[in-house]
Amino acid sequence: MSKTHCTASTALAVLLAFSATLPAVAAPHHTAATKPAATKEAAAPVKPPEDQILAVINGQVLTQRDVDNRAKLFVLSTGLPISPEIMGRMRGQIIHQLIDERLKTQEILKRHINVEPDQIAGAIANIEQRNGMPKNALRNRLASDGVSLTTLIDQIRVQIGWMQVLREKLGEEGRITATQISQREQALQAEQGRPQYFMSEIFVPVADPRHDEAELAFTKTIISQLREGAPFPIVAAQFSQAQSALDGGSMGWVQEDNLDPQVVNIVRQMPIGAISNPIQVAGGFVIATVQAKRVVGKQMGTQLDLRQAFFPFDAPLNPQNPTEQQRAALQKATTAVQTIHSCDAMEALNKSLGEKRPGNPGSQILERLMPQMKSVLESLPPNKVSRPLVSMDGIALLMVCNRQQKNLAQQSPSEIADQLMNEHVEQASRQLQRDLQRRAIIEMRPAAKATN
């Protein structure tokens, strides 16, 4: 290997060590880094036959294979070694969740709602991007751990289709009017000086509040996994029955009047980043976590106008043995650090590279970025290129075009409209789910009650 090649290999290895965990700025979500997948042995107790029928929902069967695949997906996505005993305690709730998904699927089909393949592909790509994974990495990782991609696709299809059901059901009632926005703005002004929370939730429904032992045990199991390091957004996406599950459980900024009183009593006392104990509310249990707190009407922050250029790799990077194309990409990125001096030039460079990521990722709030990204941008002068940020699928360069202080607590009319819509959708979802459960013919087989 030539001296140039040796230098490029070493540089890629060193840069990857410092920046592989940095997310793409184009997808600024608050997600935890995914840990290495748990071994199959950690979640492989002795199981009944895969084709054993556990329940029949309006004539549609639910088998042990369905439950096993969902359990495997949970183990893989949390990245934790989960014991057979824990999976046994979760089994009952997984069955109930899959029954609810069957009911939702039947309603989706009844309304002739078709979830397009590109919608599902886009959702999977978003998961990969939010977790810093190369394209198709999730598919490959599922396959290597013996989990059918269909398991993930089915779950995503239900989530997307159910949202379309709710939009159809709400119809004209789901439209947010200027009067409603104005009323919410007045309410926010009246709450000036009161606390507001940026939080996420996981909602576990309880069918019969007189007998909630199974749901409570499941909720406690989920909490223990979250406190062990399981990523909250991934767990919420899989197990929460609130509509916020579509966004990893994130509720955004909420004021106390929009929360259950029981939740308010807890979040007032919670440290930032803590996971709550089970909170009993009407209809079930809530697990809450608070990412930030502020006073309504006041929160100064730094808004950044950014540009980025992305040098894609031809294959996932092996830092110890980069390809010729990857070495060349590093050399080009290093040269660009010295020669690019304006945001227009950064956008032009990104366009010449194929625009694999957007040249203009939109305004970003410095204080809300992940720590690694924040450390790169907080001291970066305007119109100066960052150091090369190496990930498994390419090298990113960032530039700050402008930074300004902004009162982040001032919600725009569009943000208020989104919040109101989410509240309407959540209410409609819970009501429709109760109606479907009441009308359904569900036959539970004895095997559904057996423990592993």
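Residues numbered from 1 in each chain as written. Predicted model: local features only at pLDDT ≥ 70, side-chain atom pairs only at ≥ 80, totals over all residues. Heavy atoms only, no water.

Chemist: Could you clarify how one ought to interpret the overall build of the chain in this entry?
Modeler: When helices and strands are tallied, the chain shows 14 helices and 11 strands. Partitioning the intrachain contacts of the chain with sequence separation of at least 6 by distance along the chain shows that 78% fall at a separation of at least 24. Looking at the chain as shown, the accessible area adds up to about 21,900 Å², and 53% of this sits on carbon and sulfur atoms. (Helix = DSSP H or I, 4+ residues; strand = E, 2+ residues; numbered from the N terminus. Contact = heavy atoms within 4.5 Å. Areas by Shrake-Rupley, 256 points an atom, 1.4 Å probe, with all protein chains shown as cover.)

Chemist: Just checking my understanding: could you explain the state of the cysteines for this structure?
Modeler: What makes a disulfide is a covalent bond joining the sulfur atoms belonging to two cysteines. Summed over all chains, the structure comprises one disulfide. Note on cysteine connectivity: Cys343 is disulfide-linked to Cys401, with sulfurs 1.8 Å apart. Between Cys343 and Cys401, the disulfide has an S-S torsion of -120° and is therefore left-handed. On the criterion of sequence distance, the pair formed by Cys343 in helix α12 (residues 343-352) and Cys401 in strand β10 (residues 394-407) is long-range, its members being 58 residues apart. Judged by its relative accessible area of 10%, Cys343 is buried. (Disulfide = S-S within 2.5 Å. Buried < 20%, exposed > 50% of the residue type's maximum accessible area, 1.4 Å probe, protein only.)

Chemist: Just to check I follow, could you spell out the nonpolar core for this structure?
Modeler: Residues Met90, Ile202, Ile222 and Leu226 are the most contacted members of the largest nonpolar core, which totals 32 residues. Going through the elements one at a time, β1 (53-57), α2 (64-78), α3 (84-110), β3 (195-205), α8 (213-228) and α9 (232-239) are the ones with two or more residues in this core. With eight residues, α3 is the single largest residue contributor to this core. What Ile222 contacts, discounting residues up to four positions off in sequence, is Phe74, Met90, Ile202, Val235, Phe239 and Ile287. (Core = buried A, V, L, I, M, F, W, Y, C linked by side-chain atoms within 4.5 Å.)

Chemist: Looking at this structure, how should I read the sheet that holds strand β6 (residues 284-295)?
Modeler: In a beta sheet, neighbouring strands are held together by backbone hydrogen bonds and run either parallel or antiparallel to one another. Strands sit in the order β4-β3-β6-β5 across an open sheet of four strands; the sheet is antiparallel. Of all the strands in the sheet, the pair left with one neighbour each is β4 (250-255) and β5 (279-281). On average, adjacent strands in this sheet sit at an angle of 45° to one another, irrespective of strand direction. Of the strand pairs in this sheet, β5 and β6 are connected by three bridges, and their pairing is antiparallel. The partner of Ile279 across the bridge, within β6, is Val286. The strands touched by α9 within the sheet are β3 and β6, with β3 carrying the most contacts at an inclination of about 45°. (Pairing = 2+ DSSP bridges. Axes fitted to C-alpha atoms, helices over the stretch in contact; angles between N-to-C directions.)

Chemist: Even after reading the chapter, I still don't get the pairing of β6, so can you show me in this structure?
Modeler: Looking along a regular strand, one sees side chains alternate from face to face of the sheet. By the bridge criterion, 11 bridges tie β3 to β6 in an arrangement that is antiparallel. Residue Gln196 lies in a different strand from β6, and its bridge partner there is Arg294. From the end of β5 to the start of β6, which pair antiparallel, there are two residues, and Gly283 there has a positive phi angle of about 95°.

Chemist: Can you walk me through the confidence of the model for the chain in this structure?
Modeler: Detailed reading of the predicted model is not advised wherever pLDDT is low. Of all residues in the chain, 83% have pLDDT values of 70 or greater, and the mean over the chain is 81. Considering only residues more than four positions removed or in separate chains, one finds that residues 1-24, a stretch of pLDDT under 50, has 48 contacts. (pLDDT = per-residue confidence, 0-100.)

Chemist: Looking at this model, I keep getting lost on α8. Mind explaining?
Modeler: Because an α-helix packs 3.6 residues into every turn, residues spaced three or four apart end up facing the same way. In this model α8 runs 23 Å from its N-terminal to its C-terminal C-alpha over 16 residues, within 8% of the 22 Å that 1.5 Å per residue would give. Inspection of α8 places Glu215, Phe218, Thr219, Thr221, Ile222, Ile223, Gln225 and Leu226 among the buried residues, and these make up the whole buried set. With its phi angle positive at about 120°, Gly229 sits one or two positions after the end of α8. (Expected span 1.5 Å × (residues − 1).)

Chemist: Would you mind showing me how to read the layout of surface pockets here?
Modeler: Any empty space left between the atoms is revealed when a probe the size of a water molecule rolls over them. Space inside the second largest pocket adds up to approximately 900 Å³. Around the second largest pocket, the lining comprises 34 residues; the ones closest to its centre are Pro205, Val206, Ala207, Glu215 and Gln437. Sorting the residues of the lining of the second largest pocket by element identifies α3, β3, α8, α14 (413-439) and β11 (442-444) as the ones contributing at least two each. With 10 residues, the top contributor of residues to the lining of the second largest pocket is α3. Of the residues assigned to the lining of the second largest pocket, the class counts are 14 nonpolar, 12 polar and eight charged. (1 Å grid on protein atoms, 1.4 Å probe; cavity = no way out; pocket = protein on both sides within 12 Å on 5 of 7 lines; lining within 4 Å. Points joined across faces, edges and corners; volume = space filled by probe spheres on them. Nonpolar A, V, L, I, M, F, W, Y, C, P; charged D, E, K, R; others polar.)

Chemist: Explain the sheet that holds β1 to me, please; I cannot follow it from the model alone.
Modeler: What the three strands build is an open sheet, ordered β2-β1-β11; its pairing is antiparallel. The sheet terminates laterally at β2 (60-63) and β11, the two strands that pair on one side only. Strand-to-strand twist across the sheet, computed as the mean angle between neighbouring axes with direction ignored, equals 20°. Two strands pair when backbone bridges link them, and β1 and β11 are joined in this way by three bridges, in the antiparallel orientation. If you follow Ala55 over to β11, its bridge partner there is Met444.

Chemist: Can you walk me through empty space enclosed by the protein in this structure?
Modeler: Taken as a whole and judged by the stated rule, the model has four cavities of 30 Å³ or more. Lining the largest cavity we find 15 residues, and of these Lys104, Gln159, Ser240, Gln241 and Ala245 sit closest to its centre. Every element with two or more residues in the lining of the largest cavity is listed here: α3, α6 (149-170) and α9. For the lining of the largest cavity, the element with the most residues is α6, which contributes four residues. Grouping the constituent residues of the lining of the largest cavity by class yields six nonpolar, seven polar and two charged.

Chemist: Looking at this structure, how should I read unusual backbone geometry?
Modeler: Across the chain, the bulk of peptide bonds are trans and the bulk of non-glycine residues have phi less than zero. With a phi close to 50°, Glu355 is a non-glycine residue in the positive phi region. Within the fold, Glu355 resides in the loop between α12 and β8 (364-365).

Chemist: Explain the environment of Glu201 here, please?
Modeler: Within the element layout of this structure, Glu201 appears in strand β3. Look at Glu201 and you get buried, because its relative accessible area is 10%. With 48 residues separating them in the primary sequence, Glu201 and Gly249 have C-alpha atoms 5.0 Å apart. When near neighbours in sequence (up to four residues on either side) are disregarded, Glu201 contacts Phe232, Ala236, Ser240, Ala242, Ser244, Gly249, Met251, Val286 and Ile287. A polar atom in the side chain of Glu201 sits 2.8 Å from the side chain of Ser244. (Polar contact = N/O pair within 3.5 Å; in protein donor to acceptor, adjacent residues only side chain to side chain.)

Chemist: How do you make sense of the side chain of Arg70 when you look at a structure like this?
Modeler: Among the secondary structure elements, Arg70 is positioned in helix α2. Given the relative accessible area of 3%, Arg70 is considered buried. Among the polar contacts made by the side chain of Arg70, one reaches the side chain of Glu101 at a distance of 3.0 Å. Discounting chain neighbours no more than four positions away, the residues touching Arg70 are Ile94, Gln97, Leu98, Glu101, Thr151, Gln155 and Gln238.

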